[in-house]
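A look at the structure
Below are the chains, spelled out letter by letter.
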Number of protein chains: 2
Amino acid sequence: MKKVVLLSGGIDSTTCLAQAVQVCGAENVTALCVFYGQKHSREMAAARKVAAYYGVRLLEQDIAGIMSYSNCSLLAASSEAIEHKSYAQQLAEHGEGTVATYVPFRNGLLISAAAAIAISLGADAICYGAHADDAAGRAYPDCTPEFYAAMDTAIYEGSGKLCHLEAPLLNKNKAQIVELGLNLGAPYQYTWSCYEGGDRPCGECGTCIDRANAFKANGVDDPAL
Amino acid sequence: MKKVVLLSGGIDSTTCLAQAVQVCGAENVTALCVFYGQKHSREMAAARKVAAYYGVRLLEQDIAGIMSYSNCSLLAASSEAIEHKSYAQQLAEHGEGTVATYVPFRNGLLISAAAAIAISLGADAICYGAHADDAAGRAYPDCTPEFYAAMDTAIYEGSGKLCHLEAPLLNKNKAQIVELGLNLGAPYQYTWSCYEGGDRPCGECGTCIDRANAFKANGVDDPAL
């Protein structure tokens, strides 16, 4: 079994990678890190450290041109500021629906890039780190079970039945992901989650708040702080 | 209704564009032409002429890096030659299954890029030119009705129910596509189908043979010859 794992350098994708390495062995795992025009490159630096920790091959690609028509607040070219609120708070204020940090069809594009590479390399599966907190209230519609199921079928059919999409964290919340990763010995000390690009995590954006809560729920300190 | 049409510069995508312009008006149609590392740029030059003919906005993107791990015979970096046989002949010789000119998950990647751009531009639909001859025998698995249906669901769900995928030629063969395009006045004189990059179409590759037969079936000369 050979896998291509989408690696952003955050908690979720690092946990996916830890699991893939445990199941397949590092020599059968390729990590794929894609620059899409985000405001900073801290995530990509984190992805390089995580891949190096496991000794897996890391491929880097750039799709920023395709995302250049979006004004999503995560993108460097955007005029929008990133909201400093937890996802739960955003959901409570705005109701169900896509959040301002949704990058248009980003996950579909990353998964499709991973599929093209997986088929080229003879890999059987692609992994991505969608989870239940991202899917809640359809904040990130490209993290929902409905999207996952359709994309898996598209990849299986579109590859000539050679490749599947896996989303091993789909039914877990962030605290459960951290629990799994801690059990797998995932190198969370190298990860980066913050949407801002400062020297240290801002502690105030949605992903910083959710990360802090996930470590707290597991009764451990965040090793990256 | 606003549409993003994937435009390669060949017969199928030019027919899709002709139809989209008729339905929506040129001002509501954006054409997307993507370089993926193919052996020549004749197609892209054709796409520019076709887009200019209709006065639609043309966006160009480059995903050749993502395809650089493939040895598909259509790619410039490939060590494989392009087979000079019709698809029907290839199918008869090799049986069902993917042909050597299948570029791994190319259509999934192009459609995902179109989806990202469509959502960014506020378009409701993406069109691509998959048709029955490409799907036959699963020669191009990313042209089958099964792939199309799954990808449409993935885009609809993954966009937060904002965007659909259309494949208006899905049940037509090449001759029926040319019939439709002739009725729409599609500017076939500007199109390029040949897989080789010579000054004139080679007349011997699968797509040249199929194109010639499609015009012959309609009793007209190919205006590009």
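Residues numbered from 1 in each chain as written. Chains lettered and ligands numbered in written order. Predicted model: local features only at pLDDT ≥ 70, side-chain atom pairs only at ≥ 80, totals over all residues.

Going by what an unreviewed UniProt entry lists, chain A is known as 7-cyano-7-deazaguanine synthase and is assigned to Phascolarctobacterium faecium. According to the UniProt record, the Catalytic activity (unreviewed entry) comment for chain A is "7-carboxy-7-carbaguanine + NH4(+) + 2 ATP = 7-cyano-7-carbaguanine + 2 AMP + 2 diphosphate + 2 H(+)". Quoted verbatim from the Function (unreviewed entry) field of UniProt, the annotation for chain A is "Catalyzes the ATP-dependent conversion of 7-carboxy-7-deazaguanine (CDG) to 7-cyano-7-deazaguanine (preQ(0))." (UniProt positions renumbered as here; feature names shortened; annotations may be inferred.)

Right, let's get into the overall build of chain A. Each helix and strand counted, chain A has 9 helices and 5 strands in total. Put simply, chain A runs from its N terminus to its C terminus through helices and strands in the order β-α-β-α-β-α-α-α-β-α-α-β-α-α. Expected size for 225 residues packed as a compact globule is a radius of gyration near 17 Å; at 16 Å, chain A falls within 12% of this value. Referenced to the eigenvectors of the C-alpha coordinate spread, the extents of chain A come out at roughly 45 × 40 × 30 Å. Residues counted as buried form 52% of the 225 residues belonging to chain A. The long-range share in chain A, meaning contacts at least 24 apart out of those at least 6 apart in sequence, stands at 75%. (Helix = DSSP H or I, 4+ residues; strand = E, 2+ residues; numbered from the N terminus. Rg over C-alpha atoms; globule rule 2.2 N^0.38 Å. Buried ≥ 20, exposed ≤ 12 C-beta atoms within 10 Å, placed from the backbone. Contact = placed C-beta atoms within 7 Å.)

Let us look at the sheet that holds strand E4 (residues 125-127) of chain A. Residues and elements named next belong to chain A. The strand order E3-E2-E1-E4-E5 describes an open sheet built from 5 strands, whose pairing is parallel. At either end of the open sheet lies a strand with only one pairing partner, and these are strand E3 (57-62) and strand E5 (164-166). Looking at each pair of strands side by side, their axes are set apart by 25° on average, direction ignored. Of the pairings in the sheet, the one linking strand E1 (residues 3-6) to E4 comprises 3 bridges and is parallel in character. What sits directly across from valine 5, in E4, is cysteine 127. Contacting strand E2 (29-35) and E3, helix H2 (residues 42-54) runs over the sheet at an angle of about 170° to E2. (Pairing = 2+ DSSP bridges. Axes fitted to C-alpha atoms, helices over the stretch in contact; angles between N-to-C directions.)

This part takes up the relation of the copies chain A and chain B. Superposition record for chain A on chain B: RMSD 0.0 Å, screw rotation 180°, translation along axis 0.0 Å. Seen this way, the second copy is the image of the first under a two-fold rotation axis. Every residue of chain A has its C-alpha some distance from the rotation axis, and the shortest such distance is that of alanine 150 of chain A, at 2.5 Å. Interface overlap between copies is the fraction of interface residues in one copy that are interface residues in the other; for chain A against chain B it reaches 100%, indicating a shared surface. (Least-squares fit on C-alpha atoms with pLDDT ≥ 70 in both.)

As a further point, take the UniProt feature "binding site: Zn(2+)" (unreviewed entry) in chain A. Residue and element names in this part refer to chain A. UniProt's feature table lists "binding site: Zn(2+)" (unreviewed entry) at Cys194, Cys202, Cys205 and Cys208, given in the numbering used throughout. Summarising the element assignment, cysteine 194 is placed in the loop between helix H8 (174-184) and helix H9 (206-217). The buried category is assigned to cysteine 194, around which 22 C-beta atoms lie within 10 Å. If sequence neighbours within four positions are ignored, cysteine 194 has contacts with Pro201, Cys202, Cys205, Thr207 and Cys208. Along the polypeptide, cysteine 202 turns up in the loop between H8 and H9.

What follows concerns the sheet that holds strand E1 (residues 3-6) of chain B. Residues and elements named next belong to chain B. The strand order E3-E2-E1-E4-E5 describes an open sheet built from 5 strands, whose pairing is parallel. With partners counted over all chains shown, the strands left at the sheet margins are strand E3 (57-62) and strand E5 (164-166), one partner each. Taken over all neighbouring pairs, the strand axes of this sheet differ in orientation by 25° on average, direction set aside. Contacting E1, strand E2 (29-35) and strand E4 (125-127), helix H1 (residues 11-24) crosses the sheet at an angle of about 165° to E1. This element, helix H7 (residues 145-158), spans E4 and E5 of the sheet and lies at about 150° to E5.

Okay, the interface of chain A and chain B next. It is common to report an interface's size as the accessible area lost on association of the parts. Every contact between the two is made by 38 residues of chain A and, on the other side, 38 residues of chain B. Of all the elements in the fold, those that place two or more residues in the side of chain A that touches chain B are E3, helix H3 (64-67), helix H5 (106-121) and helix H7 (145-158) of chain A. Of all the elements, H5 of chain A adds the most residues to the side of chain A that touches chain B, at 12 residues. Across the side of chain A that touches chain B, the residue classes break down as 18 nonpolar, 14 polar and 6 charged. (Nonpolar A, V, L, I, M, F, W, Y, C, P; charged D, E, K, R; others polar.)

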